[in-house]
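Here is how the chains run, residue by residue.
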Amino acid sequence: MANHTKSFISEVGHQFNLDGYIGSSEVHGNGNVNDTFLLFCEDGDSLNRYTLQRINHDVFKNPEGLMENFSRVTRHLQSKIEDEGSDKKCLNLVAAKDGRFFHKDSNGNYWRVTKFIDGGRSFDVPEDIHQAFEAAKAFGDFQAKLADLPGDPLIETIPDFHNTRMRFDYFRSVCVKDELGLLNEVQDLVDFAMEREHLADLIKVENFPSRVVHNDTKLNNVLLHKTTGEGMCVVDLDTVMTGCVLHDFGDLVRTAACSALEDEPGLEKVFFLPETFEAIVEGYLETAGNILEPIEIEHLAIAPQIITYELGLRFLTDYLEGDLYFKIKRPLHNLDRVRAQFRLLASMEEHFDQARQIVDVCTRPLLDRKSV
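Residues numbered from 1 in each chain as written. Predicted model: local features only at pLDDT ≥ 70, side-chain atom pairs only at ≥ 80, totals over all residues. Heavy atoms only, no water.

**Comments concerning the pairing of strand β9 (residues 222-225)**
- Two elements, strand β7 (residues 120-121) and β9, share 2 bridges in a ladder whose sense is antiparallel. What sits directly across from Arg121, in β9, is Leu224.
- Bridge analysis of β9 against strand β10 (residues 231-234) gives 3 bridges, and the strand direction is antiparallel. Of the residues in β10, the one forming a bridge with Leu223 is Cys233. (Pairing = 2+ DSSP bridges. Helix = DSSP H or I, 4+ residues; strand = E, 2+ residues; numbered from the N terminus.)

Structure below.
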């Protein structure tokens with residue numbers, strides 16, 4: 001991070017009610033959308049850490065509404081954690097000096113600060129099945145705790161975020177225009193996507209119970225305790241809004257029950273992991289099972305295919321439009337992402353009967369209880 005950038009980050013950080021003065025800062029995390037920094041604040045003999053984020057207002061068009069969601073959700077989660085006497089954590093916003101939970105700088109950028117959560121780690125790919133189980137428990141618990149969130153519905157921070165039909169129709173329109181002349185070189189990927197158009201209509205939000213969900217349940221969006229491995233805290237709450245639990249479940253499977261990273265260029269390394277999928281189903285049902293309705297349970301096995309397909313469409317669309325949405329770290333990065341997601345989807349299709357059997361076995365006791 002260049003010196004002038006460090007100076008600017010420090011200037012922004014001082015707009016918040018931090019304990020101590022900012023001694024240093026560093027780039028933090030590997031998110032695709034927001035810019036994140038870790039602040040180290042010295043307060044006498046104490047060192048306090050905070051996470052500073054710039055909200056990408058090109059993606060999130062209503063940053064102030066997003067922060068209202070963020071505040072409501074974290075306050076509700078904190079009250080639930082305190083009521084149950086749990087050692088679990090939730091993100092804790094730090095107020096700006098003007099009393100708001102964000103700061104708008106002179107360039108029109110929106111910033112927020114949360115207290116750094118110590119003792120947790122995040123993983124892009126699980127090291128073992130236990131980590132996948134604990135992550136699924138954490139995301140299921142997150143959904144269950146927010147099932148009774150009071151007040152008006154949360155705002156849509158990204159309208160139609162998991163509208164797979166809309167994503168497909170837009171993808172097709174981009175293919176027709178082919179404004180950058182890139183279509184021919186990715187025709188194999190376009191054909192793969194077109195052949196699976198039916199997936200776009202299998203999970204429509206309006207056909208399922210409306211719930212407060214995370215909407216971006218990648219494995220690295222949950223912190224696991226460094227010592228015990230237990231789920232500590234769900235993070236990255238920008239897309240928390242009303243939606244369908246199946247998208248959350250499916251996205252965790254996409255990242256945790258896969259043998260490689262979502263942008264792995266070596267496709268021979270990318271395949272679906274049925275044993276990990278079973279651990280995710282078990283962990284998720286342990287905490288979210290009681291809130292699920294039969295129609296949601298019936299779609300657990302297909303949900304990972306749909307969300308993997310949707311993300312593959314988004315990566316391919318972004319590539320055809322010139323890499324406008326997702327951050328890229330190398331030329332053709334989005335193409336690596338597309339190929340990895342479509343290879344994973346093909347592997348999921350090969351193991352679909354096994355996935356359905358796993359869901360049937362794991363959910364049978366739950367469905368029996370619900371039918372009594």
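**Re the environment of Gln354**
- Mapped onto the elements of the fold, Gln354 is located in helix α11 (residues 352-371).
- Accessibility expressed as a relative area gives 37% for Gln354, which makes it partly exposed. (Buried < 20%, exposed > 50% of the residue type's maximum accessible area, 1.4 Å probe, protein only.)

**Describing the packing of helix α3 (residues 129-145) against helix α7 (residues 274-288)**
- Their axes nearest at 7 Å, the elements α3 and α7 cross at an angle of 30°. In terms of orientation, α3 lies roughly parallel with respect to α7. Like other packed secondary-structure pairs, α3 and α7 cross with a definite hand, here right-handed. Two secondary-structure elements touch here, α3 through Ile129, Ala132, Phe133, Ala136, Lys137, Gly140, Asp141, Gln143 and Ala144 and α7 through Glu275, Thr276, Ala279, Ile280, Glu282, Gly283, Tyr284, Glu286, Thr287 and Ala288.
- By residue class, the composition of the contact of α3 with α7 is 9 nonpolar, 5 polar and 5 charged. (Axes fitted to C-alpha atoms, helices over the stretch in contact; angles between N-to-C directions. Parallel < 35°, antiparallel > 145°, perpendicular 65-115°, else oblique. Left-handed = near helix turned anticlockwise from the far one by under 90°. Contact = heavy atoms within 4.5 Å. Nonpolar A, V, L, I, M, F, W, Y, C, P; charged D, E, K, R; others polar.)

**So, the packing of aromatic side chains**
- The full count for this structure, using the stated rule, is 10 aromatic pairs.
- Centre to centre, the rings of Phe249 and Phe277 are 6.2 Å apart; their planes meet at 70°, and the pair counts as edge-to-face. Of the two residues, Phe249 sits in helix α6 (residues 245-256) while Phe277 sits in helix α7, which places them 28 residues apart along the sequence.
- Look at Phe249 and you get buried, because its relative accessible area is 2%. (Phe/Tyr/Trp six-rings, centres within 6.5 Å; stacked < 30°, edge-to-face > 60°.)

In short, shape yes, function no, at least from these values alone.
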